[in-house]
Amino acid sequence: MTHDTPSDTPWLDREERTAWMNLIAMLMTVPAAIDAQLKRDAGLNFFEYSILSHLSLPDDHAVQMSNLAHLAGGSLSRLSHAVSRLERQGYVSRRIGTDGETRCVQAFLTPEGLDALVAAAPAHVREVRRLVFDNLSTAQVRQMQRIAHEIAGVASPDMVTRIDEAIEVADRAEREGSGDSRLPGSVC
């Protein structure tokens, strides 16, 4: 392992430092605010809500557990614990599925889970709008989309690939008018 000396370190300039500090503030405060709203209004934390949301996208409401962990932004262990909680509530079930070549564990969204998601989505989307989108112009939203995609792509290319695929599934369902009519596209 090499040790850089202070003179070798590419220190952040004032603009970069200010941007970094604001990014950190956003990453610390927005998820906490979203989590608090979901717990208060739906009895779900944001990770559980993300699981239900991602399960709502495919027509069969099933996602392989390893893919779901990436999509929801957690480890397989964390996902397993969360799915166990959601199973006890009757929102999710686990089954052995097949991807054509191998057997794998899939999580399935139950009708009760879909109902819980449908009930939670309006207040969640209002909070997302209040915290983020009501404060940005259309051009800023496009910039944020590009910037977030670039940064996430460096931090976790695999996650970005899976998110891009999930976005395509949601877009296709919206174009085709499939999916639950109570949920407009993705409600992540």
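Residues numbered from 1 in each chain as written. Predicted model: local features only at pLDDT ≥ 70, side-chain atom pairs only at ≥ 80, totals over all residues. Heavy atoms only, no water.

1. Section: the overall build of the protein
- Scanning the protein from N- to C-terminus turns up 7 helices and 3 strands.
- Its helices and strands taken in sequence order, the protein reads α-α-β-α-α-β-β-α-α-α from the N to the C terminus.
- Split into buried and exposed, the 188 residues of the protein put 30% on the buried side.
- Residue pairs in contact within the protein that sit at least 24 positions apart in sequence constitute 58% of those at least 6 positions apart.
- About 12000 Å² of surface is accessible on the protein, with carbon and sulfur atoms providing 56% of the total. (Helix = DSSP H or I, 4+ residues; strand = E, 2+ residues; numbered from the N terminus. Buried < 20%, exposed > 50% of the residue type's maximum accessible area, 1.4 Å probe, protein only. Contact = heavy atoms within 4.5 Å. Areas by Shrake-Rupley, 256 points an atom, 1.4 Å probe, with all protein chains shown as cover.)

2. Structural notes on the side chain of H61
- The topology assignment puts H61 in the loop between helix 2 (46–56) and strand 1 (62–64).
- Relative accessible area serves as the criterion here: at 16%, H61 is assigned to the buried category.
- What H61 contacts, discounting residues up to four positions off in sequence, is L55, S56, A107, F108, L109 and L114.

3. Topic: the pairing of strand 3 (residues 103–109)
- Across the 7 residues that make up strand 3, a large majority, 5, are buried.
- Looking at chain direction, strand 1 and strand 3 are connected through 3 bridges and run antiparallel. From the neighbouring strand, V63 faces strand 3, where its bridge partner is A107. (Pairing = 2+ DSSP bridges.)

4. Looking at the packing of aromatic side chains
- If you walk through the whole model with that rule in mind, you get 0 aromatic pairs.
- The ring of F47 carries the charged tip of R78 above its face, separated from the ring centre by 3.9 Å.
- The side chain of R95 reaches across the aromatic face of F108, ending 4.0 Å from its centre. (Phe/Tyr/Trp six-rings, centres within 6.5 Å; stacked < 30°, edge-to-face > 60°. Lys NZ or Arg CZ within 6 Å of the ring centre and 35° of its normal.)

5. Regarding the nonpolar core
- The biggest cluster of nonpolar side chains holds 31 residues, and the ones touching the most others in it are I51, L52, L55, L79 and V92.
- For this core, the secondary structure elements donating two or more residues are helix 1 (14–42), helix 2, helix 3 (65–72), helix 4 (76–88), strand 3, helix 5 (111–131) and helix 7 (157–176).
- Element by element, the count of residues in this core is highest for helix 5, at 6 residues.
- Excluding anything up to four places from it in sequence, L55 contacts H61, A62, V63, L68, V92, A107, F108 and L109. (Core = buried A, V, L, I, M, F, W, Y, C linked by side-chain atoms within 4.5 Å.)

6. Considering the pattern of salt bridges
- Applying the stated criterion across every chain, the model contains 9 salt bridges.
- Salt-bridge contacts for R40 lead to D41; the nearest nitrogen and oxygen are separated by 3.2 Å.
- With relative accessibility at 44%, the residue D41 sits in the partly exposed group.
- Among the ionic contacts, a cluster of salt bridges with common partners joins E168, R172 and R175. (Salt bridge = Lys/Arg side-chain N within 4 Å of Asp/Glu carboxyl O.)

7. Some remarks on the side chain of Q37
- In this fold, Q37 is placed in helix 1.
- Given the relative accessible area of 2%, Q37 is considered buried.
- Sequence-distant contacts of Q37, that is, excluding residues within four places in its chain, are made with A42, A123, H124 and E127.

Taken by themselves, the reported measurements are silent on function.
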